[in-house]
Amino acid sequence: MIYPVILCGGSGTRLWPLSRKSFPKQFSTLNGDTSLFQQTIARVKTPAFQSPIVLTNADYRFTVSEQLANEGVDNATVMIEPEGRNTAPAILAAALLLQDQPEATLLVMPSDHAIRDEEALSKAIMAGYDAAAAGKLVTFGITPDRPETGYGYLETFDPIATQSTHAQPLKAFVEKPSVERAEEFLTSKRHLWNAGIFMFRVAEILETFEVLCPQLMMPVRRAVQGAKQDMNFLRLDPTPYASAHDISIDYAVMECCETLSVVPTDCGWTDLGSWASVWESGAADQAGVVQSGATTSIDCKDTLLRSETEGVELVGVGLNNIAAIAMGDAVLIADMSQTETVKTAVSKLKAKQAKQAESFPKDHRPWGYFETLSLGQRFQVKRIVVKPGAALSLQSHMHRAEHWIVVAGSANVTIDDSVKMISENQSVYIPLGAIHRLENPGKVELHLIEVQTGAYLGEDDIVRYEDIYARDRAA
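Predicted, not measured: the structure shown is a model, and the values here were computed from it. (Residues numbered from 1 in each chain as written. Predicted model: local features only at pLDDT ≥ 70, side-chain atom pairs only at ≥ 80, totals over all residues. Heavy atoms only, no water.)

### Observations concerning the pairing of strand E29 (residues 446-454)
- Note: strand E22 (residues 379-386) against E29, eight bridges, orientation antiparallel. Across the sheet, the residue bridging to Ile384 is Leu448, located in E29.
- Two elements, strand E24 (residues 400-408) and E29, share eight bridges in a ladder whose sense is antiparallel. Of the residues in E29, the one forming a bridge with Ala408 is His447. (Pairing = 2+ DSSP bridges. Helix = DSSP H or I, 4+ residues; strand = E, 2+ residues; numbered from the N terminus.)

See the structure below:
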């Protein structure tokens, strides 16, 4: 009875501009054909695991549902945190959800890490399971292959034998080191990278919280007890959860616990926490250049070139040790040695109120997505994509009229008391104040161009009369 607990709430600012608050890196395609979150779900979609418990926030709930569906998982428990309170309250909430199964084992995993050797990780998990069954709290340490300063470390009492995958006592958690200390750690053979992956039984982790971090127990317990089912989501009670201390699982219990074990793991792990790590994990040519999308490299060396938007060509000429990422609304050019500080750039963009700091032109919604193509004085042009069988809520606008032109698929359009079907190359006009709805009755995506005209074009100019997504005001 291993229950995967997938932590899926981070904002991933170090991989800006691809990763932003509105659509962070765990949902992006960075190292293959699927997102890091989907890869994490696929990792635990075997008979060895029970249905996963996913911890996320309200902004990402529909993206989580869509990507779970893409992986063929329809029985996950998606727990909505009212606000981010770090990993300790989230993990405690998952444990309290299963408190009536004290012998159940939790495998806690971030959703934004990449694993190259799945078989090696599986062997490590089985070793961790044995230790957890014996009452230990288990963490997984990655065998280092370089003096890395960007990760925290786990220190063991004795040097780690080559290819060892047996749980052994953990001496200490170590903060991110200087270069000199990182080199010492590599030589000592007693230090592993902290991957943020944990395993323990429900009984032991609840007892540990009671002893080492009792102040979390009451607010999180009340948040779980007051949780309400909302469609396919379980929303924690926001009032008690807001009073929970913002603290990581490491600080809350792990660093103070005396029954910790660590499983050395050599599985090609990376947290993809910077563009430098994305470059290191990519398929480089003979000059060390990693390319993705519509890119051209001329006399470049040890460089990352990524074009993330269709129709945007990125050309690098004579670049050395550079990360260049181009999107439709933002471009990042950084020395590879400075990519850990990209989050500083995000802070500066937020300070100047640049929308690119946190948002994309493409806005994901439960029914599909829209993106702004052009915005000017008293007009806005959008591309809208509606999933098969999906619909927007019945609504009206006080300050704008709309023109819809279908370019692919067919749409059922409600305007006041009339309903009509419009197909490819047909259009319809929605007068200001008209009550309207857009539905896709077909089996393929509906693509249309929306032209808005009016004095105010904000997303908050909307009155909903009947929301088919019930309490979720996301359309």
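Now that the structure has been shown, we can carry on.
### Examining the domain arrangement of the protein
- Segmentation of the protein into domains returns domain 1 (2-270), domain 2 (275-346) and domain 3 (362-466).
- With centres defined by C-alpha atoms, the gap from domain 1 to domain 2 works out at 29 Å.
- Listed as interface residues are 11 residues of domain 1 and, on the opposing side, 18 residues of domain 2.
- Carbon and sulfur atoms supply 61% of the area that domain 1 and domain 2 bury against each other, a total of about 1300 Å² over both sides.
- At the junction of domain 1 and domain 2, the tally comes to three salt bridges.
- The partner of Glu340 in a salt bridge is Arg14, and the shortest N-O contact between them spans 3.1 Å.
- Each residue belonging to the side of domain 1 that touches domain 2 can be placed in one class, and the counts come to five nonpolar, three polar and three charged. (Domains from an automatic or database assignment. Contact = heavy atoms within 4.5 Å. Buried area = accessible area lost by both parts, 1.4 Å probe. Salt bridge = Lys/Arg side-chain N within 4 Å of Asp/Glu carboxyl O. Nonpolar A, V, L, I, M, F, W, Y, C, P; charged D, E, K, R; others polar.)

### Here's the deal with the sheet that holds strand E14 (residues 290-292)
- Read across the sheet, four strands follow the order E14-E16-E18-E19 without closing on themselves; strand pairing throughout is mixed. Across the chains shown, the open sheet's two edge strands, defined by having one partner strand only, are E14 and strand E19 (331-335). Sheet twist, expressed as the mean angle between neighbouring strand axes with direction ignored, is 0°.
- By the bridge criterion, five bridges tie strand E18 (residues 322-326) to E19 in an arrangement that is antiparallel. Bridge pairing links Ile325 to Leu332 in E19. (Axes fitted to C-alpha atoms, helices over the stretch in contact; angles between N-to-C directions.)

### Details of the side chain of His191
- Tracing the backbone shows His191 in strand E9 (residues 191-201).
- Take His191: its relative accessible area is 5%, and that puts it in the buried class.
- Within the local environment of His191, its side chain forms a polar contact with the side chain of Ser188, the two groups lying 2.8 Å apart.
- Aside from chain neighbours lying at most four places away, what touches His191 is Pro144, Tyr153, Leu154, Glu155, Ile160, Val174 and Phe185. (Buried < 20%, exposed > 50% of the residue type's maximum accessible area, 1.4 Å probe, protein only. Polar contact = N/O pair within 3.5 Å; in protein donor to acceptor, adjacent residues only side chain to side chain.)

### Re the environment of Ile249
- Mapping Ile249 onto the fold places it in helix H9 (residues 249-252).
- Ile249 has contacts with Thr87, Ala88, Ile91, Phe198, Phe209 and Met254, leaving out every residue within four places of it along the chain.

### Focus on the pairing of strand E6 (residues 137-142)
- With six of six residues buried, E6 is to be regarded as a mostly interior element.
- Where burial is concerned, the two faces of E6 agree: the one with Leu137, Thr139 and Gly141 and the one with Val138, Phe140 and Ile142 are both buried.
- When E6 meets strand E12 (residues 260-265), the two strands line up parallel, connected through six bridges. Note that in E12 the partner of Val138 across the bridge is Ser261.
- Looking at chain direction, E6 and E9 are connected through four bridges and run antiparallel.

### Let's talk about the nonpolar core
- Ranked by size, the top nonpolar core spans 70 residues in total, and within it Phe37, Val64, Leu107, Trp275 and Leu304 carry the most contacts.
- Ranked by residues supplied to this core, first place goes to helix H4 (residues 118-133) with seven residues.
- Every residue in contact with Leu107, bar those within four places of it in the chain, is listed here: Ile2, Tyr3, Pro4, Val5, Phe49, Ile125, Phe140, Ile197, Phe198 and Met199.
- Among the nonpolar cores identified, the runner-up in size contains 48 residues, and Ala88, Ile91, Val108 and Leu234 belong to it. (Core = buried A, V, L, I, M, F, W, Y, C linked by side-chain atoms within 4.5 Å.)

### Section: the side chain of His397
- Looking at the secondary structure, you find His397 in the loop between strand E23 (394-396) and E24.
- A distance of 3.4 Å separates polar atoms of two side chains, one belonging to His397 and the other to Arg400.
- Reaching out from His397, the side chain makes a polar contact with the backbone oxygen of Asp461 at a distance of 2.7 Å.
- In this view, His397 contacts Glu402, Leu432, Gly433, His436, Asp461 and Ile462; residues no more than four positions away in its chain are not counted.

### Some points on the environment of Ser122
- Following the sequence through the fold, Ser122 ends up in helix H4.
- For Ser122, a relative accessible area of 41% gives the class partly exposed.
- Taking the C-alpha atoms as reference, Ser122 lies 9.2 Å from Cys267; in sequence the two are 145 residues apart.

### Description of the pattern of salt bridges
- Enumeration over the complete set of coordinates arrives at 23 salt bridges.
- The closest approach of N and O atoms between Arg201 and Glu204, which form a salt bridge, is 2.8 Å. Taken as a pair, Arg201 and Glu204 share a single burial class, namely buried.
- Its salt-bridge partner being Arg365, residue Asp363 comes within 3.1 Å of it at the nearest N-O pair.

### Comments concerning helix H11 (residues 342-351)
- Taken together, the buried positions of H11 are occupied by Val342, Val346 and Leu349. Down the axis, H11 shows its buried residues gathered within 60° of arc, on one side only. With respect to the buried face of H11, the exposed residues turned more than 90 degrees away are Lys348 and Ala351.
- At the C-terminal side of H11, Gln353 shows a positive phi close to 60°. (Arc of directions from axis to C-beta.)

### A look at the state of the cysteines
- A full pass over the atoms with the stated rule returns zero disulfides.
- Unpaired in terms of disulfides, Cys8 finds its nearest cysteine sulfur in Cys267, a separation of 19 Å. (Disulfide = S-S within 2.5 Å.)

### Considerations on the sheet that holds E22
- Taking strand neighbours across the sheet as the criterion, the six strands line up as E20-E21-E22-E29-E24-E27 in an open arrangement whose pairing is antiparallel. The open sheet terminates on both sides in strands that have one partner only, identified here as strand E20 (362-365) and strand E27 (427-430). Direction aside, the axes of adjacent strands within the sheet are offset by 20° on average.

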